[in-house]
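The lines below spell out each chain.
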Amino acid sequence: MTSLTRLVLDPRHPAAKADLDDVDSLHKTLMRLVPDHLGPTPRATAGLLFRAEPGPDPVLLVQTAHTPDLTALPTHYGTARTVDLTPLLNSLTPGRTMRYRITAAPTVARSAGNPTPHPVSGKRRGKITHLTGDDAIAWWQRRATAAGLEPVTVSSLSRPFPRTHRARSAPYFTLTQFDGLARITDTTHLIHALKNGIGRAKSYGAGLLSLAPA
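Computed from a predicted structure; not experimentally measured.

Draft legend 1. The arrangement of the overall build of the chain in detail. Counting secondary structure elements, the chain contains six helices and eleven strands. Per-residue burial over the chain gives 42% buried out of 214 residues. Of the contacts formed within the chain by residues at least 6 apart in sequence, a portion of 73% connects residues at least 24 apart. With an accessible surface of roughly 11,500 Å², the chain has 54% of that area assigned to carbon and sulfur atoms.

Draft legend 2. View of the environment of T67. Its location among the elements puts T67 in the loop between β3 (59–64) and β4 (78–84). Given the relative accessible area of 53%, T67 is considered exposed. Distance from T67 to L4, taken between C-alpha atoms, is 8.4 Å for residues 63 residues apart in sequence. Not counting residues within four places of it along the chain, the set of residues in contact with T67 comprises M1 and S3.

Draft legend 3. Quick peek at helix α2 (residues 23–30). With respect to burial, α2 is a largely interior element, six of its eight residues being buried. Looking at the buried side of α2, the elements it contacts are β1 (3–9), α1 (14–21), α3 (42–46), β2 (49–53) and β3. One side-chain oxygen of the residue at the start of α2 lies 3.0 Å from the amide nitrogen of D24, identifying that residue as D22.

Draft legend 4. Just the side chain of T176, in detail. Note on placement: T176 falls in strand β10 (residues 175–184). Non-local contacts of T176, meaning those with residues more than four positions away in its chain, are made with I102, T103, A104, P106, L131, A136, S156 and L157.

Draft legend 5. Inspection of the packing of aromatic side chains at higher detail. Counted under the stated rule, the structure contains three aromatic pairs. An aromatic cluster of at least three residues, connected via ring pairs, comprises Y100, W139, W140 and F178.

Draft legend 6. A look at helix α5 (residues 133–146). Here α5 is 14 residues long and its end C-alpha atoms lie 20 Å apart, about the 20 Å a rise of 1.5 Å per residue gives. For α5, the set of buried residues is A136, I137, W139, W140 and A144. The arc enclosing the buried residues of α5, seen along the axis, measures out at 155 degrees, which places them on a common side. In α5, the exposed positions that point more than 90 degrees away from the buried face belong to D134, T145 and A146. G148, located one to two residues past α5, shows a positive phi value of around 85 degrees.

Draft legend 7. Region of interest: the pairing of β2. Of all five residues making up β2, four are buried, and the element is well covered by its neighbours. Linking β2 back to β3 in an antiparallel pair, the connection comprises five residues, with G55 at a positive phi of about 140 degrees.

Draft legend 8. Up close: the sheet that holds β3. With respect to topology, four strands assemble into an open sheet ordered β2-β3-β1-β4, the strand pairing being antiparallel. Bordering the open sheet on either side are β2 and β4, each of which pairs with just one other strand. Here the strands of the sheet are splayed against their neighbours by 20 degrees on average, with no regard to which way each runs. Pairing of β1 with β4 involves seven bridges; the strand directions are antiparallel. Bridged to T5 within β4 is T82. The sheet contacts of α2 involve β1, β2 and β3, and relative to β2 the element is tilted by about 130 degrees.

Each value, and the rule that gives it
Residues numbered from 1 in each chain as written. Predicted model: local features only at pLDDT ≥ 70, side-chain atom pairs only at ≥ 80, totals over all residues. Heavy atoms only, no water. Helix = DSSP H or I, 4+ residues; strand = E, 2+ residues; numbered from the N terminus. Buried < 20%, exposed > 50% of the residue type's maximum accessible area, 1.4 Å probe, protein only. Contact = heavy atoms within 4.5 Å. Areas by Shrake-Rupley, 256 points an atom, 1.4 Å probe, with all protein chains shown as cover. Polar contact = N/O pair within 3.5 Å; in protein donor to acceptor, adjacent residues only side chain to side chain. Phe/Tyr/Trp six-rings, centres within 6.5 Å; stacked < 30°, edge-to-face > 60°. Expected span 1.5 Å × (residues − 1). Arc of directions from axis to C-beta. Pairing = 2+ DSSP bridges. Axes fitted to C-alpha atoms, helices over the stretch in contact; angles between N-to-C directions.

Encoded structure:
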């Protein structure tokens, strides 16, 4: 069962305040919602995706492959309501128009002279470049099409990426929120994208695709 939890954080709570100030801390807290010992890729195995919603209140949407263990959150951390996404997934049919929202990390690998081969695969990749503006919208249109959606309208908004504990080797991403209307073209690809997320930075609040009837 794929679950979606709407979590309203108490900004006065010390743990919630720390998480709102640093997405690395937030990711660690949210991983407490899923079982332990999930192997080398626990976030992906648990289907954990999350997004901070815009607005005056600190609201998180948290998606998991199973019902989350809300008792694992700090006491008085916030209030939560979990719903089963199965009815929504079963309602998706080709040709149907839906409202969508996703905060994503649009990137492209661009040539950087003589890029170093990957130590395992041997493949050569260019430097990862963050996309903004029209380039970011074009990125989303390509990704949406591959995910079984045909965008009808697209609006974009830059989103903050809070981090307080910066490390020289840590990844940094420019996040963009995309909203609009889209027609469903392929339900198999769409359900896969809904369950697994789209793009990079899934551990940092990107990739969660939300749909609602138009």
